[in-house]
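Each chain, letter by letter, is given below.
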Amino acid sequence: MFDTLEARFGERFTVVDLGCGPGSLSSRLLDRFPLARVVAVDFDPVLLFLGRRTVHAGPRRLTWVEADLRDPSWRSQLPVSRADAVVSTTALHWLRPPRLRSLYRELAHLLRRGDLFLDGDHRALPTTVPELGRLAHDASRIARRRLREAAPAPSWDDWWAELEKEPELRPLFAIRRERYPGGSHHEHTATVGAHRRWLRAAGFRESAPVWQQLDDFVLAALR
Ligand SMILES: C[S@@+](CC[C@H](N)C(=O)[O-])C[C@H]1O[C@@H](n2cnc3c(N)ncnc32)[C@H](O)[C@@H]1O
């Protein structure tokens, strides 16, 4: 993703990170591009708290925005009216497809011709290859398990369970439960082909995967 950003914009650009969580992508982006500005958007009060505590880049380079991407007015909370790029990782599959299609149209308003949207997320393989789809899904699980074995880390569920024990975070967890009644698992996956059609309908001229590992893709779209 970062190489694609550099190829398009060089070193200086403004990027909006959708579903930024604790800033996993934003912090790496700020490390790699000291002249970049990041607007990091999320609706999880716990993850935003962690991000604000752990990612330090100064207010001119990093702005945290607490906004719900399910709400069509989310853009009104941004400190910018336009950006050079929108990025996201493993977040937009939380949105139901009709909402995601509208979000793509909203992104088209945030970007100008030639600007970029880069989304790294799980995608379903086409229904014409059902057996390969299942294989890629299972292989992905194996790859994640092997990663955890190589660099021991708690699973997603264990990590949340540990965090919830922190007394300081209890009020934030209460807000989190109201905002995400379904918990932390949301899998609205669609094929790359479906996303490309939705992006085209939203006003993006070109889109294509620029990276793939099994059923994880980075989809790039040019406004
Ligand atoms: C799996 S985490 C990914 C976090 C980060 N992008 C990363 O790659 O580590 C998914 C993120 O999407 C955020 N998210 C899900 N639905 C959202 C919504 N409606 N509005 C804003 N953020 C949302 C969640 O709060 C969570 O931080």
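So, how was this worked out
- Residues numbered from 1 in each chain as written.
- Predicted model: local features only at pLDDT ≥ 70, side-chain atom pairs only at ≥ 80, totals over all residues.
- Heavy atoms only, no water.
- Near = heavy atom within 4 Å.
- Polar contact = N/O pair within 3.5 Å; in protein donor to acceptor, adjacent residues only side chain to side chain.
- Nonpolar A, V, L, I, M, F, W, Y, C, P; charged D, E, K, R; others polar.
- Helix = DSSP H or I, 4+ residues; strand = E, 2+ residues; numbered from the N terminus.
- Buried < 20%, exposed > 50% of the residue type's maximum accessible area, 1.4 Å probe, protein only.
- Contact = heavy atoms within 4.5 Å.
- Salt bridge = Lys/Arg side-chain N within 4 Å of Asp/Glu carboxyl O.

**Student:** Hey, could you run me through the site of the ligand in this one?
**Tutor:** Residues in contact with the ligand amount to 19 residues; listed here are only the nearest, G19, S24, D42, T89 and Y180. Separating a nitrogen atom of the ligand from a backbone N or O atom of F43 is a distance of 3.5 Å. L69 places a polar main-chain atom, nitrogen or oxygen, 2.9 Å from a nitrogen atom of the ligand. A class-by-class count of the residues in the shell around the ligand yields 10 nonpolar, five polar and four charged.

**Student:** Got a minute to help me understand the side chain of R123 in this structure?
**Tutor:** Structurally, R123 can be placed in the loop between β5 (116-122) and α5 (130-150). Relative accessible area serves as the criterion here: at 3%, R123 is assigned to the buried category. Of the polar contacts made by the side chain of R123, one reaches the side chain of D119; its length is 3.1 Å. Here the side chain of R123 touches H195 through a polar contact of 3.1 Å, side chain to side chain. Filtering out sequence-adjacent residues up to four positions away, R123 remains in contact with A190, V192, H195, D215, F217 and L219.

**Student:** Is there a simple way to explain unusual backbone geometry in this structure?
**Tutor:** Residues other than glycine predominantly adopt negative phi, and peptide bonds predominantly adopt the trans conformation. One non-glycine residue, T90, lies in the positive phi region at around 40 degrees. Mapping T90 onto the fold places it in the loop between β4 (85-89) and α4 (97-110). By relative accessible area, T90 is classed as partly exposed at 46%. Phi angles above zero are rare outside glycine, and L214 is one such case at about 55 degrees. Positionally, L214 belongs in the loop between β6 (206-213) and β7 (216-222). The class of L214 is partly exposed, set by a relative accessible area of 33%.

**Student:** Which parts of the structure should I look at to understand the pattern of salt bridges?
**Tutor:** For side chains of opposite charge, pairing can occur when their charged atoms come near one another. Under the definition given, this model contains 14 salt bridges. The residue E106 makes a salt bridge to R99 at a minimum N-O spacing of 2.7 Å. Judged by its relative accessible area of 9%, E106 falls in the buried class.

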